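Commentary on secondary and tertiary structure
In case you want the letters, here they are:
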Amino acid sequence: MDKDYQEEQFAGITKFTPPLYKQRYQFVKDLVEKHKPKKVADLGCADCTLLWMLKCCSCIEVLAGLDVCATVMKENMHRLAPLPGDYLQPPERSLTVTLHHGSVAHKDPCMLGFDLVTCIELIEHLEESELKKFPEVVFGFMAPSIVVITTPNSEFNPLLPGVILSRHPDHKFEWSRAQFESWALETARSYDYSVEFTGVGDPPTGMENVGFCTQIGVFVRKCPQTIESAQSEKPAEAVYQTVFRAVYPSLKDEKYLQSAVVNEVIFTAQTIKQSLLDHLMSEPEEYSDDLAEGELEFQPSMNCFPEDLGTLVVENSMEPFVTGNVVYIPLTTIFSFPRVNELCGTFEKLCELIAGRVTLSSDGSAVVLSAEYENE
């Protein structure tokens, strides 16, 4: 992150392990794992590193980033785009990632309804006029359940070689612990939040009195915000510019669910077919008379299928069979497999999703495959 570069140079000399910026991001990630927010916004997202880390958290369904520098976001937004693997194996949850160009001193309705808002090394970059508006925008208007604010602890600066006034030339101020706590407590009181203080970046042994290198305030809203109160504050027009939006594939989307079910059904049917043909190939003499007649009914055996498949076939009397050059795999057998069952929920949904996408018997009760033996 550009705004952290100079600080990290100094912090590197003190040998923070992991690096200080990673400790800040890990703090946020741990908070997400604890509270399971569905909607998270990162104000001052810059190079999108935190958003990139958080998109892997299974609880999050909406991620938004905001920054005054559109260029940096555009240079890094490709990191937030779905990968090929996201389409091959879509997760159950939905995920939308959006980046906005704008200032935290302005209100925009797109920032309403978030559970967690993070401001990582942001407030020290704000002009005085912006800092005055910041609490009303974040705590009054956005009013998320949790707000995390991190900022440099000026008391630590003497331990960073080369730091005289501030850690970065763009910093408008750097607060001591007392100054940050005073501002945070007043802000919390004004907007009905509680606040707890902590930090990352431990001081050297014997210098514990200076506190953490990065100080952190975790604000928790005391009373849930009603929908009515949020809407009453909603401005008439949007002021942010959307520079990026990605909607990840999800099994909640019917087209991705259908594709996943079809692939799973074909894979399961091929597995059953292969096991059946392996069994027939291993005992050709026993079935020679039947094969000569052109038709063979499969007799279930715990030795001719993987253990879980054999159990299902025997217990439920589900019998795949071969007729001529065709293998029939009953849909009831396929539906009994945990993954297929989990994806579809009901047998009726299975039939609906594979209709027209999988070759079925004339009565629609079985998947039809060629009996050609596939030696893998």
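Let me sum up the structure you'll find in this document. Note that this is a predicted model, so its numbers are computed, not measured.

For the rest of this paragraph, the subject is helix α9 (residues 254-282). Every α-helical turn comprises 3.6 residues, leaving residues that sit three or four positions apart pointing alike. With 29 residues, α9 should cover 42 Å at 1.5 Å per step; its first-to-last C-alpha distance of 42 Å lies within 8% of that length. The backbone nitrogen of Lys-255 has a side-chain oxygen 3.0 Å away, supplied by the residue at the start of α9, namely Asp-253.

This part is about the sheet that holds strand β3 (residues 96-101). Strand pairing within a sheet occurs via backbone hydrogen bonds; the two strands may be parallel or antiparallel. What the 8 strands build is an open sheet, ordered β6-β7-β5-β4-β1-β2-β3-β8; its pairing is mixed. Where the open sheet ends on each side, the last strands, each with one partner, are β6 (193-200) and β8 (241-247). Between one strand axis and the next, the sheet turns by 15° as a mean value, whatever way the strands run. Each of β1 (39-43), β4 (116-120), β5 (146-152), β6 and β7 (214-221) is contacted by helix α6 (residues 128-142), which is oriented at about 160° to β5, the strand it contacts most.

In the contact formed by α9 and helix α14 (residues 347-354), the axes pass within 9 Å of each other and the chain directions differ by 95°. Comparing the axis directions of α9 and α14 gives the class roughly perpendicular. Along its contact with α9, which presents Glu-254, Leu-257, Gln-258, Val-261, Val-262 and Val-265, the element α14 presents Lys-349, Leu-350, Glu-352, Leu-353 and Ile-354. Here the contact of α9 with α14 is built from residues that sort into 7 nonpolar, 1 polar and 3 charged.

Let us look at the pattern of salt bridges. A full pass over the atoms with the stated rule returns 11 salt bridges. Across the pair Glu-121 and Arg-24 runs a salt bridge whose closest N-O atoms are separated by 3.6 Å. Placement of Glu-121 in the loop between β4 and α6 and of Arg-24 in helix α2 (residues 20-35) is noted, with a sequence separation of 97 residues between them. A relative accessible area of 0% means that Glu-121 is categorised as buried. Of the charged contacts in the structure, one is a salt bridge between Glu-352 and Lys-349, with a shortest N-O distance of 3.5 Å. Placement of the pair is Glu-352 and Lys-349 together in helix α14, with a separation of 3 residues, close to one helical turn. For Glu-352, a relative accessible area of 49% gives the class partly exposed.

One finds Val-32, Leu-54, Ile-60, Leu-99 and Val-148 to be the most contacted residues of the largest nonpolar core, which totals 39 residues. Listed by contribution, the elements that provide at least two residues to this core are α2, α3 (49-54), β3, β4, β5, β7 and β8. A per-element tally of this core places α2 first, with 6 residues. The residues touching Val-148, leaving out its near neighbours within four places in the chain, are Phe-27, Leu-31, Leu-116, Val-117, Thr-118, Cys-119, Ile-120, Ile-216 and Gly-217. Counting 32 residues, the second-largest nonpolar core is a separate cluster that includes Ala-64, Phe-114, Phe-139 and Val-195.

Turning to its location among the elements, Ser-176 is positioned in the loop between β5 and α7 (177-190). Given the relative accessible area of 15%, Ser-176 is considered buried. Among residues more than four places away in sequence, those in contact with Ser-176 are Asn-153, Ser-154, Glu-155 and Gln-215.

What counts as what
- Residues numbered from 1 in each chain as written.
- Predicted model: local features only at pLDDT ≥ 70, side-chain atom pairs only at ≥ 80, totals over all residues.
- Heavy atoms only, no water.
- Helix = DSSP H or I, 4+ residues; strand = E, 2+ residues; numbered from the N terminus.
- Expected span 1.5 Å × (residues − 1).
- Polar contact = N/O pair within 3.5 Å; in protein donor to acceptor, adjacent residues only side chain to side chain.
- Pairing = 2+ DSSP bridges.
- Axes fitted to C-alpha atoms, helices over the stretch in contact; angles between N-to-C directions.
- Contact = heavy atoms within 4.5 Å.
- Parallel < 35°, antiparallel > 145°, perpendicular 65-115°, else oblique.
- Nonpolar A, V, L, I, M, F, W, Y, C, P; charged D, E, K, R; others polar.
- Salt bridge = Lys/Arg side-chain N within 4 Å of Asp/Glu carboxyl O.
- Buried < 20%, exposed > 50% of the residue type's maximum accessible area, 1.4 Å probe, protein only.
- Core = buried A, V, L, I, M, F, W, Y, C linked by side-chain atoms within 4.5 Å.

By themselves, these are just geometric observations and shouldn't be taken as functional.
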